[in-house]
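# Descriptive analysis of the structure
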Amino acid sequence: MGNQGAWTLGESEAMMARCKHAVRVAMAAILIAVMALVGEVGATEEQGSVTIATGRVGGLYHPVGGAICKLVNENRVAHGISCTVEITGGSIPNVKDLREGDVDLALAQSDALHNAFYGNGPFRGEESFKDLRLVFGLYIEHFTIVARGGRDIDTFEDLKGKRVYVGEEGSSRRNAMDVLMEAHGWTGEEVTDVSTFKGANLAEALCDGEFDAFVYTIGHPNPTVREAATLCDIKLVDVSSSIIKKLARQNPFYVSSVIKGDTYRGNPRDTPTLGVISMLATSAKVDPNVIYQVTKAYFENLNLLQALSPLFLSLTKDQMAETDLDVPFHEGALKYFSEVGLRGTD
């Protein structure tokens, strides 16, 4: 390939290793910052203990759940409620654990909650979860297509003929991709479906050329996308406005969303896409006072989280307390919303 830039293979690999180390340090710093705010969440087994199903270590759900728990635990002496977090596989297993009574609260995307309530999508064949209740919205999660630079992928339609990592069967990312392909009139044969990779993580696998793009429904800024942008040139891919409007009109859990420009290196402009709301959910069987105290702790300290990350600025307080879903809010959350004049629906 010639001697462009006069880099040797060893120098290139050394620089890549330094970049990977720097990104991991930065990711660790973000998590440490969150846990510095929220402190340590211990596994206390008290009479008033509650557990939140979160997500994988290294993702967003785990530290967000930890933050909620710590805010609750700050006033544990006054209200007698102890909160702990559980590491999980994310939205779909969280809702299933909630249904089984294995946890008291769960972080999940609005589409997963809607589908569980009606027994649709990944919950098809299961009894509808009519005891499912909402507590409050957290932030917008965007359907995100991250393409390797130089692959001529600017819009969703450009994924035709490309290798795309869509995740495992039953995963939320694969379900979202299926919805987008169906909305485009695709059968699924248009892309080469990649479900496994050899790299240490998605960012490394993309930059090593194992696939041309990956999809993810996530809040931003996101550590995986940030790592990819550090390791190689990436492109955030648009979803057309007509498809966004069509899906938002047909489904109460979808919203039009935008990934802000300059969130990641090499992507200065806004990226229009489809979004869902990350929400805290519970069961109608959970004590109203517990949900009231969790809701109160979160809203009265929301400014701390917003100062830490723009993630928590994507929804207003009113938007956190309302929804177009048919899933009702828990009476404990509604009590708090009523006290402070928020527009919680029932």
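Our structure is the block above this text.
Here goes a summary of the coordinates provided.

Rules behind the numbers
- Residues numbered from 1 in each chain as written.
- Predicted model: local features only at pLDDT ≥ 70, side-chain atom pairs only at ≥ 80, totals over all residues.
- Heavy atoms only, no water.
- Buried < 20%, exposed > 50% of the residue type's maximum accessible area, 1.4 Å probe, protein only.
- Helix = DSSP H or I, 4+ residues; strand = E, 2+ residues; numbered from the N terminus.
- Arc of directions from axis to C-beta.
- Contact = heavy atoms within 4.5 Å.
- Polar contact = N/O pair within 3.5 Å; in protein donor to acceptor, adjacent residues only side chain to side chain.
- Pairing = 2+ DSSP bridges.
- Disulfide = S-S within 2.5 Å.
- Core = buried A, V, L, I, M, F, W, Y, C linked by side-chain atoms within 4.5 Å.

A separate point is helix α9 (residues 241-250). All of the buried residues along α9 are Ile243, Ile244 and Leu247. Down the axis of α9, the sector holding all buried residues measures 100 degrees, keeping them to one side. Of the exposed residues in α9, the ones pointing more than 90 degrees away from its buried face are Lys245 and Arg249. On its buried side, α9 packs onto α6 (172-183), β9 (255-259) and β10 (271-283).

It is worth spelling out the side chain of His79 at this point. With respect to the helices and strands, His79 occurs in helix α3 (residues 76-79). Polar contacts involving the side chain of His79 include one to the main-chain carbonyl oxygen of Val72, which spans 3.0 Å. Those residues in contact with His79 that sit more than four places away from it in its chain are Val72 and Gln293.

In this section: the pairing of strand β3 (residues 105-109). Burial runs high along β3: five of the five residues are buried. By the alternation rule, side chains of β3 split into Leu105, Leu107 and Gln109 and Ala106 and Ala108, which are all buried. Bridging between β3 and β10 involves five bridges; their strand directions are antiparallel. Its bridge partner being in β10, Leu105 is matched across the sheet by Thr282.

Attention now goes to helix α4 (residues 91-100). By the burial criterion, the buried members of α4 are Ser91, Ile92, Asn94, Val95 and Leu98. Taken around the axis of α4, the buried residues stretch over an arc of 160 degrees, which confines them to a single face. After α4 finishes, the residue Gly101 shows a positive phi value of roughly 80 degrees.

Applying the stated criterion to the full structure yields two disulfides. Note that Cys207 is cross-linked by a disulfide to Cys232, the S-S spacing being 2.0 Å. One quick way to see it: the torsion about the S-S bond of Cys207 and Cys232 is about -65 degrees, and its sign makes the bridge left-handed. In this pair, Cys207 sits in helix α7 (residues 202-207) while Cys232 sits in the loop between α8 (223-231) and β8 (234-236), placing the two residues 25 residues apart along the sequence. By sequence-ordered numbering of the bonded cysteines, the chain has its disulfides arranged as 1-2, 3-4.

So, about the nonpolar core. One finds Phe143, Leu159 and Tyr298 to be the most contacted residues of the largest nonpolar core, which totals 86 residues. Ranked by residues supplied to this core, first place goes to strand β4 (residues 132-148) with ten residues. Once residues lying within four places of it in the same chain are set aside, the contact partners of Tyr298 are Ile68, Leu71, Phe136, Leu138, Leu305, Phe312 and Met320. Among the nonpolar cores identified, the runner-up in size contains 20 residues, and Leu206, Phe214, Ala228 and Leu231 belong to it.

Of all six residues making up strand β7 (residues 213-218), five are buried, and the element is well covered by its neighbours. Taken together, the six bridges between β4 and β7 define a ladder with antiparallel strand orientation. Paired with Ile145 across the strands is Val215, a residue of β7. In the sheet, strand β5 (residues 163-165) pairs with β7 via two bridges, with the strands oriented parallel. Across the sheet, residue Tyr165 finds its bridge partner in β7, namely Phe214.

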